[in-house]
Amino acid sequence: MAYDLSASSVSIYQISMDDRGQKLGATLQLPFPEGAIYRSPSVSRDGRWMAYDASIPGKANTVLLRDLSTGSDHLLDDKGRQTSENKDTSISPDGSTVVFQRDSKEDRFPEDPESQMPSGFVVAAAGGEPQQICERCAPRGFSSDSSLLLLQKYDLADPNRDRIVAVDLRTRTEREFLSDPELPLFHAFFSWDDRWVVFKKQQSLDLLRSPAQILIAPVRHGAAGGEAEWIAVTDGRYSDDKPQFSADGNTLYFTSTRDGYLCIWAQRLDPVTKHPLGPPFAYEHFHNAQGRAAAWDQKRSDLSVARDKILINLPDEHSDIWMTQMP
């Protein structure tokens, strides 16, 4: 008798690139123990430090900091994450600060009452006691001096009102940053000069399958421009996600399932206006089991861009055939 036993794990992959954004060599899988889930990679701008989440069977869920130059890990947190969703991390541009999630003790998502909303915590990369900075939130992009952090803010009553807020990490004050009157906004990240912000607008509340549009807004004195100034980078017909600026601000990288797999796509931008130049193009294809599995649940794959590399986490789905002799 034969048995088909499916197994699931998630690994983090690295794409090295030069100063012009050209790929250098093959995509590499970072070394990790097998049989675990490693997700939400967030890399410092110099490419040395990576914050990430690790779910290892039999151990507490952990937030770790890896020195990519040596491969050594440093534990930042191992408390307060039981749900499969609340595991986002974000590292500051200089690698000195990490923001991550723990489960909220009381709040639940209105569209899924069984799932706990997350709360945000900040900790020094050198270690120490994490401090809570927000409720019902997910960490996204830092300003270049690490003083301002963009947060994905979940509305307790209406998912249509999910929006982007900014928190001053020095004063811990929170203010509105980006919102839409009808549809939720997610995944906001600053350009490296802080003059622009990229984000996505969901096209419906079916967050798993609905298409999304990538947009850019100007930023002046720490405030984002209104909807009349938003620049459409993609047309909203595809499931595009996790946008990130290149170091020079003239290219956007994002994940997309537009060819049936989850792949990394890129869009050239006008250096002055940030309007798209030509159509998006495939930067790195994952036309394999990983890309096929990731396309089924795109939101679980995160993208992070440094000066010399791109990191992405992808599932590794496989099946093994086992046989036993019948008496």
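What you see is a predicted model, and the numbers here were worked out from it, not measured in a lab.

Engineer: Mind laying out the sheet that holds strand S13 (residues 163-168), listing which residues take part and the relevant values?
Structural biologist: Taken in spatial order, the 4 strands make up an open sheet running S11-S12-S13-S14, and their pairing is antiparallel. One side of each edge strand has no neighbouring strand; the edge strands of this open sheet are strand S11 (137-142) and strand S14 (173-178). Averaged over all pairs of adjacent strands, the angle between strand axes in this sheet comes to 35 degrees, irrespective of strand direction.

Engineer: I'd love a proper account of empty space enclosed by the protein, names of residues and values included.
Structural biologist: Considering all chains together, one arrives at 1 cavity of 30 Å³ or more under this definition. The calculated volume of the largest cavity comes to roughly 350 Å³. As for the largest cavity, its lining consists of 28 residues, and the residues nearest its centre are Ser-42, Ser-90, Phe-189, Gln-244 and Ser-304. Elements represented by at least two residues in the lining of the largest cavity include exactly strand S3 (37-43), strand S7 (89-91), S11, strand S15 (185-190), strand S20 (240-245) and strand S24 (303-305). Taken together, the residues of the lining of the largest cavity break down into 13 nonpolar, 10 polar and 5 charged.

Engineer: Can you explain the environment of Tyr-13? Please cite residues and give values.
Structural biologist: Turning to its location among the elements, Tyr-13 is positioned in strand S1 (residues 2-16). Non-local contacts of Tyr-13, meaning those with residues more than four positions away in its chain, are made with Thr-27, Leu-28, Gln-29, Gln-290, Ile-310, Leu-311, Ile-312 and Leu-314. Among the polar contacts listed, one links the side chain of Tyr-13 to the side chain of Gln-290, at a separation of 3.5 Å.

Engineer: Explain the side chain of Arg-102 to me, using residue names and the numbers behind them.
Structural biologist: Within the secondary structure, Arg-102 sits in strand S8 (residues 97-109). Separated by 2.5 Å, the side chains of Arg-102 and Asp-77 make a polar contact. Those residues in contact with Arg-102 that sit more than four places away from it in its chain are Asp-77, Lys-79, Gly-80, Arg-81, Met-117, Pro-118, Ser-119, Phe-121 and Pro-130.

Engineer: An account of the pairing of strand S16 (residues 196-202) is requested, with residue identities and associated values reported.
Structural biologist: Moving residue by residue along a regular strand, the side chains alternate between the two faces of the sheet. A large share of S16 lies buried, amounting to 7 of its 7 residues. The alternating pattern of S16 places Trp-196, Val-198, Lys-200 and Gln-202 and Val-197, Phe-199 and Lys-201 on opposite faces, both of which are buried. Of the pairings in the sheet, the one linking S15 to S16 comprises 4 bridges and is antiparallel in character. In the sheet register, Phe-190 faces S16, and the bridge partner there is Val-197. Hairpin connection from S15 to S16: 5 residues lie between these consecutive antiparallel strands, with Asp-194 at a positive phi of about 65 degrees. Examined bridge by bridge, S16 and strand S17 (residues 212-220) share 7 bridges and lie antiparallel to one another. Bridging across to S17, Lys-201 finds its partner in Gln-213.

What counts as what
Residues numbered from 1 in each chain as written. Predicted model: local features only at pLDDT ≥ 70, side-chain atom pairs only at ≥ 80, totals over all residues. Heavy atoms only, no water. Pairing = 2+ DSSP bridges. Helix = DSSP H or I, 4+ residues; strand = E, 2+ residues; numbered from the N terminus. Axes fitted to C-alpha atoms, helices over the stretch in contact; angles between N-to-C directions. 1 Å grid on protein atoms, 1.4 Å probe; cavity = no way out; pocket = protein on both sides within 12 Å on 5 of 7 lines; lining within 4 Å. Points joined across faces, edges and corners; volume = space filled by probe spheres on them. Nonpolar A, V, L, I, M, F, W, Y, C, P; charged D, E, K, R; others polar. Contact = heavy atoms within 4.5 Å. Polar contact = N/O pair within 3.5 Å; in protein donor to acceptor, adjacent residues only side chain to side chain. Buried < 20%, exposed > 50% of the residue type's maximum accessible area, 1.4 Å probe, protein only.

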